[in-house]
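Okay, here's what each chain looks like letter by letter:
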Amino acid sequence: MKFHEMTEADIEKALDTDYKNGLSEDKAGHRQKQHGYNELQEGEKQSALLLFFSQFKDFMVLVLLAATFISGLLGEYIDAIAIIAIVIINGFLGFFQERKAEKSLQALKELSAPQVQVLRDGIWEKIPSKELVVGDVIKFTSGDRIGADVRLIQTTSLEIEESALTGESLPVQKHNDQLKAKDLGIGDMENIAFMGTMVTRGSGVGVVIATGMKTAMGQIADLLQNAETMETPLQRRLEQLGKILITTALLLTVLVVVVGVIQGHELYTMFLAGVSLAVAAIPEGLPAIVTVALSLGVQKMIKKNAIVRKLPAVETLGCASVICSDKTGTMTQNKMTVTHLWTGGKTWTVDGVGYEPKGTFLRNDKEVDIRNEKAVQQLLMFGILCNHANLMVKEEEFVLDGDPTEGALLVSAMKAGFDRNRLLKQYQIIKEFPFDSSRKMMSIIVRDSNGKEFVVTKGAPDVLVGISESLLVNDKVQFMSKDSKEEVQKAINELASQALRTIAIGYKPLTGNSLSFTEKEAEKDLIFIGLQGMIDPPRPEVKEAVKECKAAGIKTIMITGDHVITAKAIAKQLGILSSNSKVLEGKELAEMSVNELEEIVDDVSVFARVSPEHKLKIVKALQNRGHIVAMTGDGVNDAPAIKAADIGVAMGITGTDVAKEASSLVLLDDNFATIKAAIKEGRNIYENIRKFIRYLLASNVGEILVMLFAMLLALPLPLVPIQILWVNLVTDGLPAMALGLDKPEENVMKREPRHPKEGVFARGLGWKVISRGFLIGSVTLAAFMITYKQHPDELIYAQTIAFATLVMAQLIHVFDCRSEKSVLSRNPFGNPFLVWSVISSILLMLVVIYYPPLQPIFHTVPIILRDWLLILGLASIPTFLLAGTFLVRKTN
């Protein structure tokens, strides 16, 4: 049923209730048994144990577990224990990061009012909100949270703050009149109060029309449960890499076994050699290093006011091609601010930021002394007198206590030097007519220090024009002629076209007994002073952030529940809306399918008057177009789309718990510019992941080739499995992690976003891995063959030389991995973490070679000094040979 379109009598009949006495306890109990409690249902929860075991579903991890099993079968217990330890550590890292990921519904439940005033059997009583049923009559007042969806049947100056549900920054004026318009959005249903929203002014009585999952809040909870969580690009690429590696490992194992048996070797010996190759082909430390690198990225993000709740989100943000951002509180300050004044045909502008009572007044872009403008002084002074807002200082920041509109009027007057407490000593308020939605104004009767009394009225401009008989022009009172009314209307339209909310202020002197005046008597024949135009202004730093995102190939889309005019004005100021961009309203969006939206979504820059379902549709349409979508927001209404997006970004200060729990990234300072910094960090982290994948795989290719060539040449194995494992997990691990801390290159935010389907080996990475790996394998085999020829009876010594050459070749090669070009294009000491990790890896290698208790485990013996010259000479060839080639190409 569309209760907003029905009369109160029709609703009373349809719901089988009684407005005077409420439901009976028996009827309420029966309905509760039939429909259940008024609470949000939760989806099936994953236990901690299942969450932990889910960490081992990753394809690379399964490959490692297979290697562990094979190593155990072959009696290589040290190998098996080492691999299983790595897998378990990696599992715990992922488990602890994701433990708190599914708390969205709990946060939604906490938004529901715990206690409500309900009419049962003719008596008002307090009950838990979960016991409400459809047909219950409830009442609420300022400060109460609405316990269910309610059709209003009685209101007194009622205003409800719905920004968490609709995205609108201002409290909504509510009434109990029947609405004739059809297909209204949530934000336009002025006779409905929604579950979880907050009463900011006045009081009301209503009848419950929906409970639990059937409420607007419940529908969001259902959307949140059913929103799909997308697999991240990094997860897809690592899965792709894992499949390539396991295929390579299997093929190599089969090849080695077949070749070996043909050459006359025993099957068991060749199978062991094949497993050694498989171990060499799989970078056992890769999943752990990726996790650690992402964790290090998380620490960097925290320093830049961004908390990452899901590790893969770090890399995904760097891949984002579209940012869908809520306007209120994200791009704007969520602080209504007066920016324009109009009186007597003249317009002044007011500058300043937020609620700080500092700013200047300008006319024709020139600063003016407002003390010389009597009409403007009256406009500001009466705005602060007819006002209940207060400004407080908390933690060195100005904070508003009261209605945002009244707060804007208060701050504009304070900028001109007015102090409300001082004014109240000169002007005594002797009577007040509170604001209500039917009159659309508020009035006070004031007595000044000379005993003169007058009425001050503020309210909707069209209403005040209608009850004014005079107009203040050049500090003189003139009759409000037809031309004067047209001039005022023109000023109202001009301010409205700039998305400004306008408040008009008027006054009139009183004679006689003012205390006996009624609203109608006081609010007529006014002298119209002027207008104050206000807006929730954009954050100063957002425009630059949007510009930088554009330079990085990232489109910013504004998605808001606000009106089209407001959304367009803010979007133009921020550089989001261009002459070629389209603006789409919620009504138009509702009539489109996802496929229809897909066709035009790339041309749309602003979506206005949208609901949560619309936001989901927008995100899905963009994803279907191949975009990696980041969705930012702060309200309950944003949560389903935040969860469905490739990466959800919530606001840390103004954001609801629901939005935070659904998100992957939380901005501590609610600053859109922080998203830009996070994108830059995300791009750099992905580039760093590419660097250490390049480093690890080139090392592994070297290990594979040295083993394969040795077998094809009928030589003994140059390396034993435990040495390969040591290189893969320990020697390679530290430098790879240090590569994850490399600083971004200068052009990182001047490149187009990576295509989401870009493979791991794109942009020449595959060639770099194979060419460097070939040279590393070749010099390692050369070192082994030279030493084995000189010492044919000392196989272990030759293997130790090969081991040391492999390690040193890789540690020199790691500096080459810092750049897409050459080792010579970046300062080798620019990453101190890398320098220290290389030194540490060298020391660990020396311990394995020279520490007697470890020698039998790792099959090593001490190397004489002279042979270190051979090792270092050969180990330098892969890096510096290719660096020389790069220099020759550059010179030519």
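Residues numbered from 1 in each chain as written. Predicted model: local features only at pLDDT ≥ 70, side-chain atom pairs only at ≥ 80, totals over all residues. Heavy atoms only, no water.

(A) Highlighting the overall build of the protein. The secondary structure content of the protein amounts to 33 helices and 28 strands. Once local pairs closer than 6 in sequence are excluded, the contacts in the protein between residues at least 24 apart make up 71%. When the accessible surface of the protein is split by element, carbon and sulfur atoms take 57% of a total near 38200 Å². (Helix = DSSP H or I, 4+ residues; strand = E, 2+ residues; numbered from the N terminus. Contact = heavy atoms within 4.5 Å. Areas by Shrake-Rupley, 256 points an atom, 1.4 Å probe, with all protein chains shown as cover.)

(B) How the structure looks around a nonpolar patch on the surface. A contiguous nonpolar surface patch, about 480 Å² in accessible area, is contributed by Tyr-77, Ile-81, Ile-84, Ile-88 and Phe-92. Position of Phe-92 among the secondary structure elements: in helix α5 (residues 77-98). (Patch = residues over 30% accessible without salt bridge, like charges linked within 9 Å, V, L, I, M, F, W, Y side chains within 5 Å. Salt bridge = Lys/Arg side-chain N within 4 Å of Asp/Glu carboxyl O.)

(C) The pairing of strand β10 (residues 337-343), seen in detail. Taking burial as the measure, the 7 residues of β10 include 7 buried ones, the bulk of the element. Where β10 and strand β22 (residues 526-535) come together, 5 bridges link them in antiparallel fashion. Its bridge partner being in β22, Leu-341 is matched across the sheet by Gln-532. What sits between β10 and strand β11 (residues 346-350) in their antiparallel hairpin is a turn of 2 residues, with Gly-344 showing a positive phi close to 55°. (Buried < 20%, exposed > 50% of the residue type's maximum accessible area, 1.4 Å probe, protein only. Pairing = 2+ DSSP bridges.)

(D) Layout of the environment of Val-133. Along the chain, Val-133 turns up in the loop between β2 (123-128) and β3 (137-141). Residues Val-133 and Asn-38, spaced 95 residues apart in sequence, show a C-alpha to C-alpha distance of 6.9 Å. Sequence-distant contacts of Val-133, defined by excluding residues within four places in its chain, comprise Leu-23, Ala-28, Arg-31, Gln-32, Arg-120, Val-208 and Thr-211.

(E) Fine view of the packing of aromatic side chains. With the rule as written, the count across this model stands at 5 aromatic pairs. Consider the rings of Tyr-427 and Phe-454, whose centres lie 6.1 Å apart with planes at 75°: the pair is edge-to-face. Residue Tyr-427 is located in the loop between α15 (420-426) and β16 (428-436), and its partner Phe-454 is located in strand β18 (residues 453-459); the two are separated by 27 residues in the primary sequence. Residues Tyr-427 and Phe-454 agree in their burial class; the two are buried. Their ring planes at 80° and their centres at 6.3 Å tell us that Phe-709 and Phe-774 sit as a pair that is edge-to-face. Note that Phe-709 is positioned in helix α26 (residues 672-712) and Phe-774 in helix α29 (residues 765-790), a separation of 65 residues in sequence. Residue classification places Phe-709 among the partly exposed residues on the basis of a relative accessible area of 24%. For Phe-774, a relative accessible area of 42% puts it in the partly exposed group. The structure contains a cluster of three or more aromatic residues connected by ring pairs, namely Phe-382, Tyr-427, Phe-454 and Tyr-507. Of note, Lys-130 hangs over the ring of Tyr-37, and the distance from its end group to the ring centre comes to 4.8 Å. Lys-139 extends its terminal NZ or CZ atom over the ring of Trp-124, reaching a point 4.7 Å from the ring centre. (Phe/Tyr/Trp six-rings, centres within 6.5 Å; stacked < 30°, edge-to-face > 60°. Lys NZ or Arg CZ within 6 Å of the ring centre and 35° of its normal.)

(F) Representation of the sheet that holds strand β28 (residues 665-667) within the structure. If you trace the 8 strands from one edge of the open sheet to the other, you get β8-β28-β27-β26-β9-β23-β25-β24, paired in mixed fashion. Strands with a single pairing partner mark the edges of an open sheet, and in this sheet they are β8 (306-308) and β24 (582-585). The sheet shows a mean angle of 20° between the axes of neighbouring strands, direction not considered. Pairing of strand β9 (residues 322-326) with strand β26 (residues 629-633), which is carried by 4 bridges, proceeds in the parallel orientation. Residue pairing for β26: Cys-324 is matched across the bridge by Met-631. (Axes fitted to C-alpha atoms, helices over the stretch in contact; angles between N-to-C directions.)

(G) Examining the side chain of Asn-684 more closely. Secondary-structure assignment places Asn-684 in helix α26. Setting aside its immediate chain neighbours within four residues, Asn-684 contacts Lys-300, Asp-742, Lys-743, Pro-744 and Val-748.

(H) Spatial organisation of the pattern of salt bridges. One pass over the structure, following the stated rule, counts 26 salt bridges. The closest approach of N and O atoms between Arg-120 and Glu-25, which form a salt bridge, is 3.3 Å. Of this pair, Arg-120 sits in strand β1 (residues 115-120) while Glu-25 sits in helix α2 (residues 25-35), and the two are 95 residues apart along the sequence. Residue classification places Arg-120 among the buried positions, given a relative accessible area of 5%. One salt bridge connects Arg-201 with Glu-159, and the closest N-O pair in it is separated by 3.6 Å. Taken together, the residues span a long stretch of sequence, with Arg-201 in strand β7 (residues 198-210) and Glu-159 in strand β4 (residues 149-161) at a distance of 42 residues. For the pair Arg-201 and Glu-159, one class covers both residues: buried. Linked through salt bridges whose partners overlap, the residues forming this network are Glu-159, Arg-201, Glu-406 and Lys-458.

(I) Quick peek at the confidence of the model for the protein. Looking at the protein, the pLDDT average stands at 83 and 86% of residues meet or exceed 70. Low confidence marks residues 100-113, where pLDDT is under 50. Its contacts with residues over four positions away, or in another chain, come to 40 contacts. Counting interchain partners and residues more than four positions distant, the pLDDT-below-50 stretch residues 886-892 has 3 contacts. (pLDDT = per-residue confidence, 0-100.)

(J) Geometry of the nonpolar core. By size, the foremost hydrophobic cluster in this structure holds 128 residues, and its most contacted members are Phe-528, Met-558, Phe-692 and Phe-803. In terms of residue count, α26 provides more of this core than any other element does, 17 residues in total. The contact partners of Met-558, leaving out residues within four places of it in the chain, are Ser-325, Lys-327, Met-331, Ala-567, Ile-570, Ala-571, Leu-574, Ile-576, Ser-605, Val-606 and Phe-607. Of all hydrophobic cores here, the second largest spans 42 residues; its members include Cys-386, Ala-416, Ile-505 and Ile-529. (Core = buried A, V, L, I, M, F, W, Y, C linked by side-chain atoms within 4.5 Å.)

(K) Inspection of unusual backbone geometry at higher detail. Look at Ser-157: it is not a glycine, yet its phi comes out positive at around 50°. One non-glycine residue, Ala-714, lies in the positive phi region at around 60°. Mapped onto the elements, Ala-714 comes out in the loop between α26 and α27 (721-731).

(L) Expanded view of the pairing of β9. For β9, a buried count of 5 out of 5 residues is recorded, marking the element as mostly surrounded by other parts of the structure. Burial of β9 is two-sided: the residues Val-322, Cys-324 and Asp-326 facing one way and the residues Ile-323 and Ser-325 facing the other way are all buried.

(M) Region of the structure containing α26. For α26, which comprises 41 residues, the first-to-last C-alpha distance of 59 Å matches the rise-based estimate of 60 Å (1.5 Å per residue) to within 8%. Most of α26 is tucked away: 36 of the 41 residues are buried. Positive phi shows up at Ala-714, right after α26, with a value of about 60°. (Expected span 1.5 Å × (residues − 1).)

(N) Broad picture of the environment of Tyr-797. Examined against the element boundaries, Tyr-797 turns out to sit in helix α30 (residues 795-816). Residues Tyr-797 and Val-861 lie 64 residues apart in sequence; the distance between their C-alpha atoms is 5.9 Å.

(O) Broad picture of helix α17 (residues 482-497). With 16 residues, α17 ought to run about 22 Å at 1.5 Å a step, and its terminal C-alpha atoms sit 22 Å apart, in line with that. For α17, the complete set of buried residues consists of Ser-484, Val-488, Ala-491, Ile-492 and Leu-495. Down the axis of α17, the buried side of the element spans an arc of 100°, and every buried residue falls inside it. Those residues of α17 that are exposed and angled more than 90 degrees off the buried face are Lys-482, Asp-483 and Lys-490. One or two residues past the end of α17 sits Ala-499, with phi positive at roughly 65°. (Arc of directions from axis to C-beta.)

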